[in-house]
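Architecture and fold: a report
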Amino acid sequence: MLTPLFRVVLRVGLPMAAVLGAGGIYLADQERREAIITTIQDYRRSFEERPEFMVKLLAIDGASNSVSEDIRDILPLDFPVSSFDLDLDAMRATVTGLDAVQSASLRVRQGGVLQVDVTERVPVMVWRTQDGLELLDADGVLVGPLLARDKRPDLPLIAGAGADRNVAEALELVAAAGPLTTRLRGLVRVGERRWDVVLNRNQRILLPETDAVQALERVIAMHQAVDMLSRDLVTVDLRLSNRPTVRMTSVAVEELWRMKSLEFGEE
């Protein structure tokens, strides 16, 4: 009985067992357990709702007015709210889910303000689809709908299935078509494989699947040399690089045959 282990059990073990036993008996009652849980929750809530932890305002920087309104609409906030009740990661995912938002960061700053910093996508292209007009950024990601073409006349127009997945090449073609800017109406993706360059006067330049930019540059060089695209042409077909062809308008064909008939008649 005088061993150290026995003395430790007698001095520490028995009191601890007694306390645990009493606690077990006390907590065996369901109403007591619920009362304890409620008390703990009340203490926790009173701590979390202290004034220094309350968020009262939402501030959004880096977003346009329309995007700011969209963010306020999709964030389920009812101010004032405790900062402990805010799931910032989930809220950031919600904000970046907007088409126009490229990235966003959220934080609670002093003064009880939820700060949302937004980087918007920059539209570089208008994509015409069966459902209407869409704005695309340089990666081909949707920025948002466009109500009318004349709302963004500064952006080039593309159309066709798969056009949104080839925005980078479309931008290169638009840049290469610089000398034809005043005549350029847009680019059409054909068969999800290649591009047609659409000009005014119902003219088209049919580009090959590969080296499309170089092919367009050759057409422009020919046009600058002999004013080719100012003639009565319907298409310039470069799909076969070793055999480019042109198709004339019906009026030009009739005129050509008339001139040939006159020539043969004179002979």
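Here the structure is shown first, and the text comes after it.
Quick caveat, the model's predicted, so the values are computed rather than measured. (Residues numbered from 1 in each chain as written. Predicted model: local features only at pLDDT ≥ 70, side-chain atom pairs only at ≥ 80, totals over all residues. Heavy atoms only, no water.)

1. Some remarks on the overall build of the protein chain
- Along the backbone of the protein chain there are seven helices and 14 strands.
- Of all intrachain contacts in the protein chain linking residues separated by at least 6 positions in sequence, the fraction that spans at least 24 positions is 45%.
- For the protein chain, the accessible area works out to roughly 17200 Å², and carbon and sulfur atoms hold 56% of it. (Helix = DSSP H or I, 4+ residues; strand = E, 2+ residues; numbered from the N terminus. Contact = heavy atoms within 4.5 Å. Areas by Shrake-Rupley, 256 points an atom, 1.4 Å probe, with all protein chains shown as cover.)

2. Observations concerning the sheet that holds strand β11 (residues 194-199)
- Strand order in the open sheet made by the nine strands is β8-β7-β6-β9-β10-β11-β12-β13-β14, with mixed pairing throughout. The open sheet is flanked by β8 (142-146) and β14 (245-248), the only strands paired with a single partner. Averaged over all neighbouring strand pairs, the angle between strand axes comes to 25°, with direction disregarded. (Pairing = 2+ DSSP bridges. Axes fitted to C-alpha atoms, helices over the stretch in contact; angles between N-to-C directions.)

3. Topic: the side chain of Gln-203
- Summarising the element assignment, Gln-203 is placed in strand β12 (residues 203-206).
- The class of Gln-203 is buried, set by a relative accessible area of 3%.
- A distance of 2.5 Å separates a polar atom in the side chain of Gln-203 from a polar atom in the side chain of Arg-183.
- Among the polar contacts listed, one links the side chain of Gln-203 to the backbone oxygen of Leu-229, at a separation of 3.2 Å. (Buried < 20%, exposed > 50% of the residue type's maximum accessible area, 1.4 Å probe, protein only. Polar contact = N/O pair within 3.5 Å; in protein donor to acceptor, adjacent residues only side chain to side chain.)

4. Topic: the sheet that holds strand β5 (residues 113-120)
- Across the sheet, which stays open at both edges, the three strands sit in the order β2-β5-β4 with mixed pairing between neighbours. The strands lining the two open edges of the sheet, one partner per strand, are β2 (57-61) and β4 (101-109). Averaged over all adjacent pairs, the angle separating strand axes in this sheet is 20°, with direction ignored.
- One ladder, built from eight bridges, connects β4 with β5; its direction is antiparallel. Bridging from a neighbouring strand, Val-108 pairs with Leu-114 of β5.
- Sheet strands touched by helix α3 (residues 65-74): β2, β4 and β5. Its angle to β2, the strand with the most contacts, is close to 145°.
- Packing against the sheet, helix α4 (residues 88-96) makes contact with β4 and β5, and its axis sits at approximately 150° to β4.

5. Focus: the layout of surface pockets
- In this structure, the largest pocket occupies an estimated 260 Å³ of space.
- Around the largest pocket, the lining comprises 14 residues; the ones closest to its centre are Ser-66, Val-67, Ala-100, Val-143 and Gly-144.
- Elements supplying a minimum of two residues to the lining of the largest pocket: α3 and β8.
- When the residues that make up the lining of the largest pocket are grouped by side-chain class, the tally is seven nonpolar, three polar and four charged. (1 Å grid on protein atoms, 1.4 Å probe; cavity = no way out; pocket = protein on both sides within 12 Å on 5 of 7 lines; lining within 4 Å. Points joined across faces, edges and corners; volume = space filled by probe spheres on them. Nonpolar A, V, L, I, M, F, W, Y, C, P; charged D, E, K, R; others polar.)

6. A short note on the nonpolar core
- One finds Ile-158, Ile-205, Leu-207 and Leu-216 to be the most contacted residues of the largest nonpolar core, which totals 29 residues.
- Breaking this core down by element, the ones donating at least two residues are β6 (125-129), α5 (167-176), β10 (184-190), β11, α6 (212-226) and β13 (233-237).
- It is α6 that contributes the most residues to this core, six residues altogether.
- In this structure, Leu-207 is in contact with Leu-173, Arg-194, Trp-195, Asp-196, Val-197, Ala-212, Ala-215, Leu-216, Leu-238 and Arg-239, ignoring residues within four places of it in sequence. (Core = buried A, V, L, I, M, F, W, Y, C linked by side-chain atoms within 4.5 Å.)

7. Regarding the environment of Phe-84
- Positionally, Phe-84 belongs in the loop between β3 (81-82) and α4.
- Looking at Phe-84, the relative accessible area reads 43%, which means it is partly exposed.
- Residues Phe-84 and Phe-53, 31 residues apart in the sequence, show an inter-C-alpha distance of 7.6 Å.

These values are about where atoms sit, not about what they do.
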